[in-house]
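What the coordinates show
The primary structure of each chain is shown beneath.
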Amino acid sequence: MPDVSQSAEPWGQPVDAAALPPPRIEAASLAKELAQSSVRTSTSDQDRLSYSRDMWPRALIWIRQGRIPPPPDAVAWPANEEEVLEIVSRARERKVALIPFGAGSGVCGGTWATRGGIAIDLKRLDEIGPLDAERRCVDAGAGTMGEVLERKLATKGYTLGHFPSSMYMSTVGGWLAARGAGQMSNKYGKIEDMVLSLRAVTGRAEIVETPERPFVGPDLSQLLIGSEGTLGVITRARLRVHPAPEGRTFRGIKFRSVADGVEAIRQVYRGGLRPAVVRLYDPFDTALVGREKPSHRRTPPSLKAGIGAELYPAVARQVAPLALGHPWALNRAADLMRNCLLVLLFEGEARRAAREDAQALAICRKLQGEDLGEEPGRHWYEKRYDVSYKMSKVIDSGAFADTMEVAATWDKVLDVYERVRAAVARLAFVMCHFSHAYLEGCSLYFSFAASAPDADGLERRYRELWRAAQTAAASAGATVSHHHGVGLLKTEGLLAELNDGRRLLSALKRVLDPDGVMNPGKLGL
Amino acid sequence: MNEHVKKGLRDLLGDRCVESGGDLILSPMVEHELVGALRLLREAGGRLSHGVSISRSRMRSVGPIDEKSAVARAEAGVPLSELERSLSPRGLTLGPLSPGAMALELGAFLEGPHAGLRAIPGGRLEGLCLAASALLPDGRVYHSHPSPRRAAGPDLTALLLGGEGRFGLVLAATVRCAVKPEASRTAAFSYPGTAALLSALRGAIADGCWFERARAHRRDERVLLEVTAIGTADGVEGDLATVSQRAFARGGRATGRELPAPEPGEERELSWADLAGEIDSGRALELYRLCGASVIARGAQGGMVLRSGAHWPHPFLFSALAEQIDPTAIFGGPP
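Residues numbered from 1 in each chain as written. Chains lettered and ligands numbered in written order. Predicted model: local features only at pLDDT ≥ 70, side-chain atom pairs only at ≥ 80, totals over all residues. Heavy atoms only, no water.

Another aspect to go through is the sheet that holds strand 2 (residues 23-26) of chain B. Residues and elements named next belong to chain B. The three strands are arranged 1-2-3 in an open sheet whose pairing can be described as mixed. Two strands in the sheet have a free side with no partner beyond their single neighbour: strand 1 (17-20) and strand 3 (52-54). Across the sheet, the axes of successive neighbouring strands diverge by a mean angle of 25°, strand direction being ignored. Relative to strand 3, strand 2 runs parallel, the two sharing three bridges. Bridged to Leu24 within strand 3 is Val52. Running over the sheet, helix 1 (residues 3-13) touches strand 1 and strand 2 and is turned about 130° from strand 1. (Pairing = 2+ DSSP bridges. Helix = DSSP H or I, 4+ residues; strand = E, 2+ residues; numbered from the N terminus. Axes fitted to C-alpha atoms, helices over the stretch in contact; angles between N-to-C directions. Contact = heavy atoms within 4.5 Å.)

Dropping the structure here:
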């Protein structure tokens, strides 16, 4: 793993939010040209400032300091695919960078305009086609907001089954570009599992529509999904849908150790069961949940929520800067805790869901799991989207919080957990939950919180933390990302992971974006 | 190809470099032999499929098998049937693949029209390949990351799966396994029409039912479906209960009648719309790899024959990609 903390600003330089650099001439001129062709554009500082950032905590730290990530030179709001095509075509001629932009909920800097250019906000491509109940699919524009799509499907008795915690602030195109996952990926799959076909405007300024099965040859969809705007602009997708579940079960189970809880998840999958939700919280988070009165017991939807909803009120408000500045002591205290909470949720045909819930409980009991009833699961479900809007409070307290989601096969999962905790113990308070399970492994979702005496110290600690966490995870055999994507944050880790695969990725780039205008600098391209 | 290169290949491979009808057939046993043979070919400006072919049939080691993670490493030349026999004593299986797939070597299953896909509970397709090692045209070996899922850029193994070796030759793969079923039971249902049958079957698949195979056949005014569920004993009973509920909800009923197997023939991939047409035409069908997107059928006349050499969609794009990845066309040139 290359040392990202020593590289020459691979993550981009901040600029003064009160004095934005003027837009580059080429990009501003192109924006004007596009406006004359009826494409809505802007070069105003307000708009450039709005599109300069995503939800990467590094940007949030900067913003608190009056700085912002490098802004785009202009913003465009195409109304349809033809306008996207026109933007790409002209940008290609003028060699102006383009940065596709969904709803800005990314957490890795994937939409930062590190080389200037025009941010293309795709939210006007929000047409949802008629539900095809017979073929069980729906067409949705890239700019369709997740919650809007799900609400529309619900009126017809269907669901997409994709429920990221950013549901209210993310788009179909963003999900696809980042290769995202929803909280119920256990049952419905990640976004790449839901795509029947998609349309994109490539960096060649050509529209491609990927074929639906059956077809022969490589699956072009899988080459575009996860490309984070570096190969083209995804404009539309045909997605698989499911009848809305008629039944749903909730279950909380207490285990005596992380190892027992992880083994329970593995056994549930080996038993042929496919819960919609599996979340095992490690001891400190479980302790936070349990410290409240049973009638008010709260289960955070994730450890990111743990930081937002539990850690912050319990610790951060009172002693955050001090305590998080010395995370070693907090981590040692967490080491003394053992009990873990597993939340299971089954849904689908009602009797089947109930049957599978009972079978899963029997498996857990064999591993000394203690049934806590429905309440922890119900509470998680009610609060499942609470997470994404609370992070800024941690930043406001002078600390920072961030999350790292990796994945590994079962033989490596506990090693990844222990190595990452050990590697960051002196740098940040760390918690983890295990979710997004498969027969062969699962995702580990680490949450970090730390502080430093001053802005420079915070920046140094942030870099050092990420370097230590990524190095530890990779050394234990985990992939660099399970569902947040790569952006700028994980570029070095991606390149190390790809190794000679970089040549394949570079070849894709040369074919689909020969002029290098599409989101330059991301994925190492 | 000049004699100097032929001699080099014979020195490298011995009697596993044979000439037949003017063509050289190379059969390396291990990775370094394949890498070395390709280097010699590249230096001589040779191209596969232009008087030279490589067989990976002798690259057939299996292991390690990781029972905890239910994955196994196998070389490209291992027949899937042989891999299945290696997995069985360890309590694992490749899962329900079609007979045509099971007759293939691992490399051919991954690179050919099957694209290494299998159906998993929930009606999804999933790559059998968790990670692959592939020889690239420049002689480097690409190892994809063995992770359950990733959000780390495009899935580059998509260039290998279904790629017919144009972008890389699979040397070995870590394959996802399934837990060996402890039970298997067949049940048959009669439906008032094809639409009702397909709706019930798709619903059951989406619910998570795991079928080894199904048979469908129209008889007079009724359409018959026979499914074989596999899994744990509880799971099989649960799946058949689900199928029954789905059947009754669509006007179906249980029947004791067994359905005949279709005549042996080519396997074809059918969309569900294609499948409806095949059933309505009265053909007896045997169905495999049942998922929400498509099925593989025996006995069908339509759909897509699972045979290499068919035209790919977006030929210009993939040709351009082949030129980038394999500028000397050593892997045969653009598709």
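As a further point, take the side chain of A:Gln359. Note that A:Gln359 resides in helix 14 (residues 350-366). Dropping the residues within four chain positions of it, A:Gln359 is found in contact with A:Leu273 and B:Asp234.

This part takes up the sheet that holds strand 11 (residues 169-176) of chain B. Residue and element names in this part refer to chain B. Pairing is antiparallel in the open sheet, where five strands are placed in the order 4-5-11-9-10. Only two strands of the sheet have a single partner each, and these edge strands are strand 4 (62-66) and strand 10 (141-143). With direction set aside, neighbouring strand axes in the sheet form an average angle of 15°. Alignment of strand 4 against strand 5 (residues 71-75), held across three bridges, turns out to be antiparallel.

Backbone torsion omega between A:Arg213 and A:Pro214 reads 0°, so that peptide bond is classified as cis. Topologically, A:Pro214 is positioned in the loop between strand 10 (207-209) and helix 9 (220-224). The step from B:Gly63 to B:Pro64 runs through a cis peptide bond, and the omega angle for that step is 5°. When you line up the elements, B:Pro64 lands in strand 4. With phi around 55°, A:Arg136 is a residue other than glycine that occupies positive phi space. For A:Arg136, the location among the structural elements is in the loop between strand 6 (118-121) and strand 7 (137-141).

The full count for this structure, using the stated rule, is 65 salt bridges over all chains. The residue B:Asp11 makes a salt bridge to B:Lys7 at a minimum N-O spacing of 2.9 Å. Of the two residues, B:Asp11 and B:Lys7 are both situated in helix 1; the distance of four residues between them amounts to about one turn of the helix. Each member of the pair, B:Asp11 as well as B:Lys7, is classed as exposed. One network of salt bridges, in which partners are shared, links A:Asp193, A:Glu440, B:Arg118, B:Glu126, B:Arg149 and B:Arg176. (Salt bridge = Lys/Arg side-chain N within 4 Å of Asp/Glu carboxyl O. Buried < 20%, exposed > 50% of the residue type's maximum accessible area, 1.4 Å probe, protein only.)

Below, the discussion takes up the packing of helix 1 of chain B against helix 2 (residues 31-43) of chain B. All names here are of chain B. Two elements in contact, helix 1 and helix 2, have axes separated by 10 Å at closest approach and are oriented at 175°. With respect to helix 2, the element helix 1 is oriented roughly antiparallel. Facing Val5, Gly8, Leu9, Leu12 and Leu13 of helix 1, the residues of helix 2 in contact are Glu33, Gly36, Ala37 and Leu40. Residue classes in the contact of helix 1 with helix 2 are distributed as six nonpolar, two polar and one charged. (Parallel < 35°, antiparallel > 145°, perpendicular 65-115°, else oblique. Nonpolar A, V, L, I, M, F, W, Y, C, P; charged D, E, K, R; others polar.)

Tracing the sequence through the fold places A:Asp139 in strand 7. Discounting chain neighbours no more than four positions away, the residues touching A:Asp139 are A:Glu127, A:Ile128, A:Gly129, A:Arg236, A:Ala237 and A:Arg238.

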